[in-house]
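Residues per chain, in single letters:
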Amino acid sequence: MSNLPPLNTETIWAILNEEIDDVIVNKLVWHYLGYRYDETTGQWDISKVLPEWRDEYPEPPDFIENRPPTVKLTRSIPAENKQLLKEQLGFKGYKIGEFGPRQTRRATAANWLLSYMQHNSKSE
C-alpha cells in the first residue's frame, strides 16, 4: 500500500469531492488503523491494529460498502473532533438529493482521517 496519497488536507478534499477511488479511501483508513498486507504470505498483518478493531475485523473491512464498520469508525472519532470537516475545512456537507450512503461513508472516512491527522500532529 505504499502508493497511497499523502495524508493531508488536499487528500481529504479529494475524498469528499470523489476524486479518489473508493478502494484507495479504504486503503488509507486501513493503513492508519494499522493493517498491513504481506505480499509474501498473502495475508494481513494485524499486529499493529488496535484490539477493538483486530478482534472484530481480522481482515480490514470495506468502509464504503458496509455500514457496521463505518458506524464503528464514527464512534472511534473523539467527540472534540466530530466536526473537523466543518471547522477546519469549511465543508458544508452534501446537498440534499445529491448524496447517498456512499458519500456519507466517504465523509466519515475523511473525518476519521482528519481526526487522525489532528491527533498525531499533537503527539509529535
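The following paragraphs examine the structure supplied in this document.

Quick notes on the rules
Residues numbered from 1 in each chain as written. Predicted model: local features only at pLDDT ≥ 70, side-chain atom pairs only at ≥ 80, totals over all residues. Heavy atoms only, no water. Phe/Tyr/Trp six-rings, centres within 6.5 Å; stacked < 30°, edge-to-face > 60°. Helix = DSSP H or I, 4+ residues; strand = E, 2+ residues; numbered from the N terminus. Buried < 20%, exposed > 50% of the residue type's maximum accessible area, 1.4 Å probe, protein only. Lys NZ or Arg CZ within 6 Å of the ring centre and 35° of its normal. Salt bridge = Lys/Arg side-chain N within 4 Å of Asp/Glu carboxyl O.

Here the structure, examined in full by the defined rule, presents eight aromatic pairs. An angle of 70° between the planes, with centres 6.0 Å apart, marks the rings of Trp13 and Phe91 as edge-to-face. Residue Trp13 is located in helix 1 (residues 9-16), and its partner Phe91 is located in the loop between helix 5 (84-89) and helix 6 (101-122); the two are separated by 78 residues in the primary sequence. Since its relative accessible area comes to 28%, Trp13 is described here as partly exposed. Feature note: the residues Trp30, Tyr35, Tyr37 and Trp44 constitute an aromatic cluster, connected by ring pairs. When the ring centre of Trp53 is taken as origin, the NZ or CZ atom of Lys72, which lies over that ring, is 5.3 Å away.

By the definition in use, this model includes four salt bridges. Between Arg102 and Asp22 there is a salt bridge, and its shortest N-O distance comes to 2.8 Å. Remark: Asp22 occurs in helix 2 (residues 22-33) and Arg102 occurs in helix 6; sequence separation between them is 80 residues. For Arg102, a relative accessible area of 29% puts it in the partly exposed group. Among the residues examined, Asp22 registers a relative accessible area of 17% and is labelled buried. A salt bridge links Arg106 to Asp22, with the nearest nitrogen and oxygen atoms 2.4 Å apart.

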